[in-house]
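Understanding the architecture of this molecule
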Amino acid sequence: MKINLLIITLLLSQLSFSQNNKQNIRGVITDKLSQVTLPGATVQIVDKTSNKGASADANGNYVLTDISPEIYEIKVSFVGYKDVVIPNVVVISGKETILDVTMEENLRQLSEVVVTANTKDKAINNLAPISARMFSVEEVNRYAGGRSDPARLAANFAGVSAPDDSRNDIVIRGNSPVGVLWRIDGMNVTNPNHFAAVGTTGGAVSALNTNLLKSSDFMTSAFPAEYGNAVAGVFDLGFRNGNTQKRETTVQAGLITGLEATTEGPINKEKGSSYLVGYRYALAGVAQAVGIDIGTTALPSYQDLSFKLNSGNTKLGRFSLFGKLANSSIDISSGGGNTLYGGGRDGHNLGSEIAILGLKHFKQLNEKSFLSSTIGLNYSNTDQLAYTVDSTGNSYNTEENTTTKTGYNFMTSYNSKINSRLFVKVGAQAEVMNLYLNLRTRKDERESWKQTWDYDSYTALAQVFAHAKYSINDKLVMNAGLHAQQFMLNNSVSLEPRFGLKYEMNSNSSFSLGYGLHSQMQPVNVYFLQTALADGTYEYNNKSLDFTKSHHFVLGYDLQPFKDWRLKAEAYYQSLYDVPVNTFSSSYSMLNTGASFKTDLEDKLTNGGTGTNYGVELTLEKFFSKGYGLFTSSLYDSKYTGSDGVERNTAFNGKYVVNLLVGKEWKVGSMKQNKISTDIKCTNAGGRAYTPYDLTASNLAGREVLSTDAYSAFYDAYFRLDFKIGYTHNSPTKKISQSFSLDLQNVTDNDNVFSQNYDQRNKSINTTYQLGFFPNVVYKIQF
């Protein structure tokens, strides 16, 4: 704690005492496809009271100086390119606004009407015509109930649900959370969450520091050919560069995100090199000290360090070194009652560590082409210990589990804008994985240990892809690609075509359709579950498992009926096959993996299962301009078939999700440069499917006995109302801004069901509920 106070003292000593609170908006303007800079492009503030503008210099850089704290709309123009309109550009007194802009070449003749592209309704990846959305850091931090977590933000989007308040696993169109791919700066990365377990993609707290992120993409179906090894969705994130011209600091404290300090600045101003470093330390103990229920009486501990070093322009191109180090631990003592993380006689210790390190290289080969490559390391380690205290007070371990995965990654892509109509991207990526898996279990101290995992070796996953985008005319654009991957453990191979069309009916509406075949390897631990033989040796029955495969079909309609408004509708159908199920007749399917904290220990699997997901989605959104609104609704059905041939609900078949988010800002203060904001979020979702207990059979057996009709019952519908109020103060004389927010989550203290379990002592079924009313407080100062 003394170290944290010292850091804050040093950072506060850097406060600027300039007698000017105005800031700059600056960045670089490039061609969206070729990445070549666009000298001479004009940037202008679209405002009745201001005509301030600037032109990009020979390197494509521009700067708008002396801008008062406010929210602006920016318009960027260049001959032969579509105008770009960027709403909701926030300027505060404590930090420069860095706004890099990419522009699309206009196929129309100069004599025709000017075409305008709104950045809010498109993904950053220009090869994703459907089921993709860009989200900003501003949105992550603004919405009520978001906890500064990109995954929880995504839960507000159509087709997505987050059925568990205690973790940020997300369900996309009825798929298991295991089907989600995380990527940072072009590199596929390990689960970037605290308290992460092997084979999962979520955790209790995000290890991603939003103060280091830039605007990123989230995709839910028929992704471009460059994305592989995922059947549900993609988070394509990026760390932003640090400020290349001046040093800036952010200090923040929040009950969820913890105590945080971020600093950035130039290394060499002429070359444009910079650094960006952020550190966070948990403050969950403060919440417990003031009586806030965080789901457990145990004290969770977590911290993380994120960084990015940017070389600027050199003769060899641009290099950036990025990384994240994180660790977390919790000790849930037995006898702690019924909590989200366990209780009763069982105790659990969980510790996890994450290390992500990447070196990215960008080289502009000519005015049409560039090369982008990344090498890196992904490390994740989880230690789990379960123990029981018997009636005499004696404690003994019942599970000892250590899993370590070290991945050595390489990715490269060649990108070429052949002409104004055709763009081609080809690439390859590989991950060599060193796996250490050790798990042994027993029911009581008199029983011998059962070795479930005992593996220490290497394997690899190789992927290649090719993708072409062709503008048939100024209204119709086609995307086509092919992805291929091979898993070296058993030489499984998958060839996956991707296709998309987008037809712009006019400047305000468009139709899109997409198709993709996607495949994914199983969670690495599943391949190495071992079965003991009579001679004392072991066999690995799951080692030959193939990829799970999925056909995605999606049709979409997009309409901008008014300025700052968007209506979007999509219908989809997903057919999954080669899903691992038991070799004998049962209701088990890997499509339900991730529905509980329990590790998947099925050791006799074959690729004989199927699944279907289909539904319709509607999004009505008002982009931010003094206020915002977002309404999303999803109606869907998610089914699977196990080895017994019976079609059932998946564990994630909630049937429907409805979200409503609204927010408003008011200017206050003598100079109207401060603001008060309010945000409301309401979520109503169908209850999750579950397998009920057979109480009579359980009482007779003296242990839990599940019904033979898997996932035949549904929990009560989920309802949650969150309210957030915030205040931002921009100093009238100094380049300092401060903000305070109070986020009241589950205002109505609604009892949303988390799970049920059999109580042997009372011979009854107990229900555990999700988090009740939870207030989160965040304070931030930037200078």
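Here we summarise the structure given alongside this text. (Residues numbered from 1 in each chain as written. Predicted model: local features only at pLDDT ≥ 70, side-chain atom pairs only at ≥ 80, totals over all residues. Heavy atoms only, no water.)

For the chain, the count of helices and strands is six helices and 47 strands. Relative to its length of 783 residues, the chain is compact, with a C-alpha radius of gyration of 26 Å against a globular reference of 28 Å. Once the C-alpha set of the chain is aligned to its principal axes, its extents read approximately 80 × 55 × 45 Å. Counting every position in the chain, which comprises 783 residues, the buried fraction comes to 56%. Partitioning the intrachain contacts of the chain with sequence separation of at least 6 by distance along the chain shows that 65% fall at a separation of at least 24. (Helix = DSSP H or I, 4+ residues; strand = E, 2+ residues; numbered from the N terminus. Rg over C-alpha atoms; globule rule 2.2 N^0.38 Å. Buried < 20%, exposed > 50% of the residue type's maximum accessible area, 1.4 Å probe, protein only. Contact = heavy atoms within 4.5 Å.)

Now for the pattern of salt bridges. Applying the stated criterion across every chain yields a total of 36 salt bridges. Residue Glu264 pairs with Lys95 through a salt bridge whose shortest N-O separation is 2.5 Å. Here Glu264, found in strand 20 (residues 258-268), pairs with Lys95, found in the loop between strand 6 (83-91) and strand 7 (97-98); they are 169 residues apart in sequence, far enough to count as distant. The residue Glu621 makes a salt bridge to Arg133 at a minimum N-O spacing of 2.8 Å. Pair noted here: Glu621 is in strand 36 (residues 605-622) and Arg133 is in strand 10 (residues 132-135), with a separation of 488 residues, a long-range link. For Glu621, a relative accessible area of 3% corresponds to the buried category. By relative accessible area, which is 10% here, Arg133 ends up buried. Bridged by salt links that share partners, the residues Lys95, Arg240, Glu248 and Glu264 form one connected network. (Salt bridge = Lys/Arg side-chain N within 4 Å of Asp/Glu carboxyl O.)

Using the criterion set out here, one finds 19 aromatic pairs in the structure. Centroid distance Trp182 to Phe235: 4.3 Å. Interplanar angle 10°. Geometry classified as stacked. Note that Trp182 is positioned in strand 13 (residues 180-184) and Phe235 in strand 18 (residues 233-237), a separation of 53 residues in sequence. Residue classification places Phe235 among the buried residues on the basis of a relative accessible area of 0%. On the basis of an interplanar angle of 20° and a centroid distance of 3.8 Å, the ring pair of Tyr455 and Phe528 is categorised as stacked. Here Phe528 lies in the loop between helix 5 (524-527) and strand 32 (531-532) and Tyr455 lies in strand 28 (residues 450-471), a separation of 73 residues in the sequence. Among the aromatic residues, ring-to-ring pairing joins Phe135, Phe157, Trp182, Phe218 and Phe235 into one connected group. Stacked on the ring of Phe774, the Lys or Arg Arg147 has its end atom at 5.7 Å from the ring centre. Above the face of the Trp449 ring, Arg440 is positioned so that its terminal group lies 4.2 Å from the ring centre. (Phe/Tyr/Trp six-rings, centres within 6.5 Å; stacked < 30°, edge-to-face > 60°. Lys NZ or Arg CZ within 6 Å of the ring centre and 35° of its normal.)

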